[in-house]
Amino acid sequence: MDSYDNGILLESGTNELEVVEFGVGQNKFGINVIKVKEILNPMQVTKIPHAHHSVEGIIEIRGEVVPVVDVAHALGFPTSDQPELDKFILAEFNKTKIVFHVHTVTQIHRISWENIEKPGKMYQGLETQITGVIKREGEMLLMLDFEKMVADINPESSINMDQMKTLGVRERSQKRILIAEDSAMLRAMLEETLGEAGYENVHLFEDGKEAVDHLYSVINEGKAVEDEYQLIITDIEMPRMDGHHFTKQVKEDPSMQHLPVIIFSSLITDDLRHKGEMVGANDQISKPEIVELVKKIDQLIL
């Protein structure tokens, strides 16, 4: 059993990350080391009735009951040729622990988000499951959208429209919100839920690079950024430019540093909260707490 110390977090706003490489069949994938708590050897899994077909069951880890997801099954790949050599990746995000059953775990790579490309349409149906592609030494490492995988298995773990009912009747707002989020599923859900909350003027971008380039184009046109947008919401994990680096660029530029920035991410841990504070984020909210996000928007938007 190996444990990953999240103390290896990189400097705030450097646009770098560390990725744990793992294999499923002949395919190589990556998961942000910040999500990884431990690498475990396979253990006895207790099956549960009426579980999702990609959920093998549950295991107990130091007193906690954790679900086990068969990544090969979730991706439509064959089972392992040597199951005795498989690995369990204990991960934590969205304030939830989950085990991903994979076939191999090999090494850790330190890379820049700039070197992670957005997935195109050539991945034969996997493009909806992939958030980025790392090309290195003639090989491709695919960054899986683990949040989508978990949401497909358990929709309640993602943004839930029913939560908005607790806010009651909302007035329509003409305030304009810029959102940087690489997951197409979450972009659509944010647009829908914020619209339900009265914030109908949302402008969506697929990563921090696309968003900051747009803001610079607004400035270059001679417009005041605060007239165009009144608030920014950004994810952390995004190809080309992550949310911390994006926030840092916004807050260090006199033309847009007054824009409030909310980091809305599945990775709001104590360590990551410190990084968000270091780059100047006005607040940080863990997915999928959409009601808390709306309440914070209400407070910050001018």
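Residues numbered from 1 in each chain as written. Predicted model: local features only at pLDDT ≥ 70, side-chain atom pairs only at ≥ 80, totals over all residues. Heavy atoms only, no water.

Right, let's talk about the sheet that holds strand β14 (residues 199-205) for a bit. Taken together, the 5 strands give an open sheet; going across it, the order is β14-β13-β15-β16-β17, and neighbouring strands pair in parallel fashion. The open sheet has two edge strands with one neighbour each: β14 and β17 (283-286). Direction aside, the axes of adjacent strands within the sheet are offset by 25° on average. Where strand β13 (residues 173-180) and strand β15 (residues 231-234) come together, 4 bridges link them in parallel fashion. Looking at β15, one finds that Leu178 is bridged to Ile232. (Pairing = 2+ DSSP bridges. Helix = DSSP H or I, 4+ residues; strand = E, 2+ residues; numbered from the N terminus. Axes fitted to C-alpha atoms, helices over the stretch in contact; angles between N-to-C directions.)

Turning our attention to the nonpolar core. In a soluble, globular protein the nonpolar side chains are often hidden away together inside. Core analysis: the largest hydrophobic core is formed by 34 residues, its most contacted members being Phe22, Val71, Phe93, Phe100, Leu144 and Met149. The biggest single contributor to this core is helix α2 (residues 146-153), with 4 residues. In this view, Met149 contacts Val69, Val71, Ala74, Leu75, Phe100 and Leu144; residues no more than four positions away in its chain are not counted. With 18 residues, the next largest nonpolar core counts Leu190, Val202, Ile285 and Val294 among its residues. (Core = buried A, V, L, I, M, F, W, Y, C linked by side-chain atoms within 4.5 Å. Buried < 20%, exposed > 50% of the residue type's maximum accessible area, 1.4 Å probe, protein only. Contact = heavy atoms within 4.5 Å.)

The subject of this paragraph is the packing of aromatic side chains. Both the distance between ring centres and the angle between the ring planes are used here to describe each pair of aromatic rings. Taken as a whole and assessed by the stated rule, the structure comprises 5 aromatic pairs. Taken together, the ring pairs in this structure connect Phe22, Phe29, Phe77, Phe93, Phe100 and Phe146 into an aromatic cluster. Lying over the aromatic face of Phe93, Lys35 brings its terminal NZ or CZ to 5.5 Å of the ring centre. The ring of Tyr229 carries Arg176 above its face, with NZ or CZ at 5.4 Å from the centroid. (Phe/Tyr/Trp six-rings, centres within 6.5 Å; stacked < 30°, edge-to-face > 60°. Lys NZ or Arg CZ within 6 Å of the ring centre and 35° of its normal.)

At their nearest, the axes of helix α4 (residues 208-220) and helix α6 (residues 243-252) sit 9 Å apart, and the two run at 15° to each other. The angle between α4 and α6 falls in the class roughly parallel. When you trace α4 past α6, the crossing you get is right-handed. Taken together, the residues of α6 that come into contact with α4 (itself represented by Gly208, Ala211, Val212, Leu215 and Tyr216) are Phe246, Gln249 and Val250. Residues belonging to the contact of α4 with α6 are distributed by class as follows: 6 nonpolar, 2 polar and no charged. (Parallel < 35°, antiparallel > 145°, perpendicular 65-115°, else oblique. Left-handed = near helix turned anticlockwise from the far one by under 90°. Nonpolar A, V, L, I, M, F, W, Y, C, P; charged D, E, K, R; others polar.)

Burial analysis of α6 places 7 of its 10 residues in the buried class, the great majority of the element. Considered for burial, the residues of α6 that qualify are Gly243, His244, His245, Phe246, Thr247, Val250 and Lys251. Structurally, the start of α6 carries an N-cap: the backbone nitrogen of His244 is 3.4 Å from a side-chain oxygen of Asp242. (Polar contact = N/O pair within 3.5 Å; in protein donor to acceptor, adjacent residues only side chain to side chain.)

What follows covers the pairing of strand β4 (residues 36-40). For β4, a buried count of 4 out of 5 residues is recorded, marking the element as mostly surrounded by other parts of the structure. Here β4 runs beside strand β7 (residues 87-93); their pairing, made up of 4 bridges, is antiparallel. Bridging from a neighbouring strand, Val36 pairs with Ala91 of β7.

It is worth spelling out the side chain of Ser80 at this point. With respect to the element layout, Ser80 can be found in the loop between α1 (71-75) and β7. A relative accessible area of 17% means that Ser80 is categorised as buried. In terms of polar contacts, Ser80 uses its side chain to reach the backbone amide nitrogen of Gln82, at 3.1 Å. Among the polar contacts listed, one links the side chain of Ser80 to the side chain of Asp86, at a separation of 2.8 Å. With near-sequence residues (within four places) excluded, Ser80 lies in contact with Asp86 and His103.

This part takes up the confidence of the model for the protein chain. Residue-level pLDDT values for the protein chain average 86, and 87% of them are 70 or greater. The secondary-structure element of the protein chain with the lowest mean pLDDT is strand β1 (residues 2-3), recorded at 46, while β15 shows the highest, at 96. Low pLDDT, under 50, characterises residues 1-10; the stretch is placed with 28 contacts to residues that sit more than four places away or in other chains. (pLDDT = per-residue confidence, 0-100.)

Here we take up the sheet that holds strand β11 (residues 130-136). Ordered in space as β9-β2-β3-β12-β11-β10, the 6 strands form an open sheet in which the pairing is mixed. A single partner strand is all that each edge strand has here, and the edge strands are β9 (104-112) and β10 (116-117). As paired elements, strand β2 (residues 16-24) and β9 share 7 bridges and run antiparallel to each other. Residue pairing for β9: Phe22 is matched across the bridge by Val105.

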